[in-house]
Amino acid sequence: MSGELTVSPPLIDECEVVPRTLCGPGPSDYWPSVVEALTRPVLTFSTDEYFKVVDDIRNCLKYVFQTQSDLVLAMSGAGHTGMEAVICNLLGPGETLLIAGRGIWDDRACEMAKRYGIKTVVTKVPPHTTFVEQDLEPMLRRIRPAALFITHGDSSTGTIQDLSWVGKLCQKYGALLLVDTVVSIGGAPFLMDAWAVDAVYTSSQKALSGPAGISPIAFSKLAERKIQTRKHDPPFYFDIKMLSKQWNCYGDTRFYHHTMSPPLMWALRASLMELCKETLPASWARHRRVMLHFHKRLSEMPVQFYVPDPMHRLPTITTISLPEGYDAVKFAKYMANELKVVIMAGLGPTAPGGRVLRVGLMGANACEEVADRVVQAMADTLSAMRRSKL
Ligand SMILES: *Cc1c(COP(=O)(O)O)cnc(C)c1O
C-alpha cells in the first residue's frame, strides 16, 4: 500500500425519520404499491423483464397523457429534466420561444432556454389568474415563435390553465405547444392529442405519488418531425433521438444510452398502474371532490384563497393567504415539526409578503380524511401562533 489517507471516514449516526403526512406541493407520500415496487429485484438491460417494464411504462403513459404518439418515454431525472428536454430538443440557437408566464416554472423555462442561445419573449398575466385567448393571440401573431411554453397546473400560484383552445391557436401561427403538467397529471383533465399539445412532461413525485427522479415526456407527430429534421444537437443525455431507441419507441430497438434506475422504473410503473386501475376520470373526480371538501372546511377559518376565481383553482394545490401578522414560513415549520403535517410557504410570485401557504392534496393523499387532518393542523397552528403572539 502506498500513500497516506488524508481524509478519515466520517462518523455517521443513525438517521431516524419521523413519519409525517406530506401535503406540500411535492414530494407526496407514496402509494403502498410503490413502496413495494421500490424493493423489487434489479432490472438489467437486455433481459426480457427490462423490456417488458419499458413497454408497460410507455403503454400506461400513452393512456395518462391521452396520446396515440409513439414518442413517449421517461427521462432519468426530476421534473426539471423533462422541462429541459422539451426545450432543448425542439428549439435551437436563434429560434424564439414565447413563454406564457404566471409562476416560477415559466421563469425556469426562460432561464433554460437562454442557456441554449434560444431567444425568449415573456408575456405575463397576474399570478392569481390564467391566460385567455386575447392575451396570447397578438403575441403569437407578432412574434411568430417556434414554440409557446405554458404551465398547465402551476404549483407556485395554485392556478390551472384552460388549455383546450391553446393548441389550435398555436397551430394557426405555426408554433409548437410545450406544456408543463408536473403537478396536474392525474389530478386534473389533460388530453394531449385532443388539445393539440406538441410536447408535454410530468414528474413522478406529485399526483403520481411516487419517488422523484423519473420524468415522463411525450411528443406529437409534428414535434417528432421537428426533432428528426432539426439542425442542432441537444446535450447527449437529453437527446430524444437516442432515448427513443433506448425506450423502444418504434418497436425495433434495444439501444443502450445510459443505465436507468431500476427502483425508479419499478416505482413509476406501479404509480402509473394505480392510475390506470382507478381510471383517469375517476382520479380527476376524486381530486376535485377532495378539493371542494377542503375549500369548504377552509372557509370556517380566518384565511383567504390566494386565487379568487374558483374556476382558476388547481385541484391538486391550494394557495392560502394567512391573516395579517402571520409568517407562512414559521407556520409551515410549526406544522411540520409539532404536528407532523407538511405544507409549504409560497414560492416565486407567492413568496413576497410571506403570508401564502401551499397545500397539496394529490395522489394517495387526495382523500377527505387527509384533508381534514390538514384543516385540524392548520387550526391548531393558528391558535398556537396566536397564543405565542405569533
Ligand atoms: C414541482 C414542479 C416542477 C419541478 O419538478 P422537480 O421534480 O422538482 O424538478 C415543475 N413544474 C411544476 C408545475 C411543479 O409543480
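These numbers were taken from a predicted model, which means no experiment stands behind them.

Draft legend 1. Here's a closer look at the domain arrangement of the protein chain. For the protein chain, the domain assignment lists domain 1 (21-27 + 279-387) and domain 2 (32-277). Distance from the C-alpha centre of domain 1 to the C-alpha centre of domain 2: 27 Å. Each side of the interface is counted separately: domain 1 has 26 residues, and domain 2 has 28 residues. Among the secondary structure elements, those contributing two or more residues to the side of domain 1 that touches domain 2 are α10 (280-298) and β12 (317-321). No other element matches α10, which puts four residues into the side of domain 1 that touches domain 2. Among the residues forming the side of domain 1 that touches domain 2, the class breakdown is 14 nonpolar, ten polar and two charged.

Draft legend 2. Region of interest: the site of the ligand. Looking at the ligand, there are 17 residues lining it, with A78, G79, S155, V182 and V183 nearest. Partitioning the shell around the ligand into residue classes produces six nonpolar, eight polar and three charged.

Draft legend 3. Fine view of the pairing of strand β8 (residues 176-180). Counting buried residues in β8 gives five out of five residues, a clear majority hidden from the surface. Here β8 shows two buried faces, one formed by L176, L178 and D180 and the other by L177 and V179. One ladder, built from five bridges, connects strand β5 (residues 147-151) with β8; its direction is parallel. Within the sheet, the bridge partner assigned to A147 lies in β8 and is L176. Sheet topology note: the β8/strand β9 (residues 199-201) ladder contains three bridges and is parallel. Looking at β9, one finds that L178 is bridged to A199.

Draft legend 4. Seen up close, the sheet that holds strand β15 (residues 356-360). The four strands lie next to each other as β11-β12-β15-β14, forming an open sheet whose pairing is antiparallel. Only two strands of the sheet have a single neighbouring strand rather than two, namely β11 (304-305) and β14 (344-345). Bridge count between β12 and β15: five bridges; the pairing is antiparallel. In the sheet register, I317 faces β15, and the bridge partner there is G360.

Conventions we followed
Residues take numbers from 1 onward in each chain, read along the sequence in its written order. In view of the model being predicted, local features appear only for residues whose pLDDT reaches at least 70, and side-chain atom pairs are presented and counted only at 80 or more, with totals across whole chains, interfaces and linings using the full set of residues. For the domain bounds, the source is a domain assignment made automatically or taken from a database. Our contact criterion uses C-beta atoms placed from the backbone: two residues qualify when those atoms are within 7 Å. Put simply, DSSP H or I for four residues or longer makes a helix, DSSP E for two residues or longer makes a strand, and each gets a number counted from the N terminus. Residues were grouped as follows: Ala, Val, Leu, Ile, Met, Phe, Trp, Tyr, Cys and Pro as nonpolar; Asp, Glu, Lys and Arg as charged; and all remaining residues, including Gly, as polar. A residue counts as near a molecule or strand when its C-beta atom, positioned from the backbone, falls within 6 Å of it. Any residue whose C-beta has 12 or fewer other C-beta atoms within 10 Å is treated as exposed, any with 20 or more as buried, and any in between as partly exposed, C-beta atoms being built from the backbone. A strand pair is defined by DSSP finding two or more bridges across the two strands.

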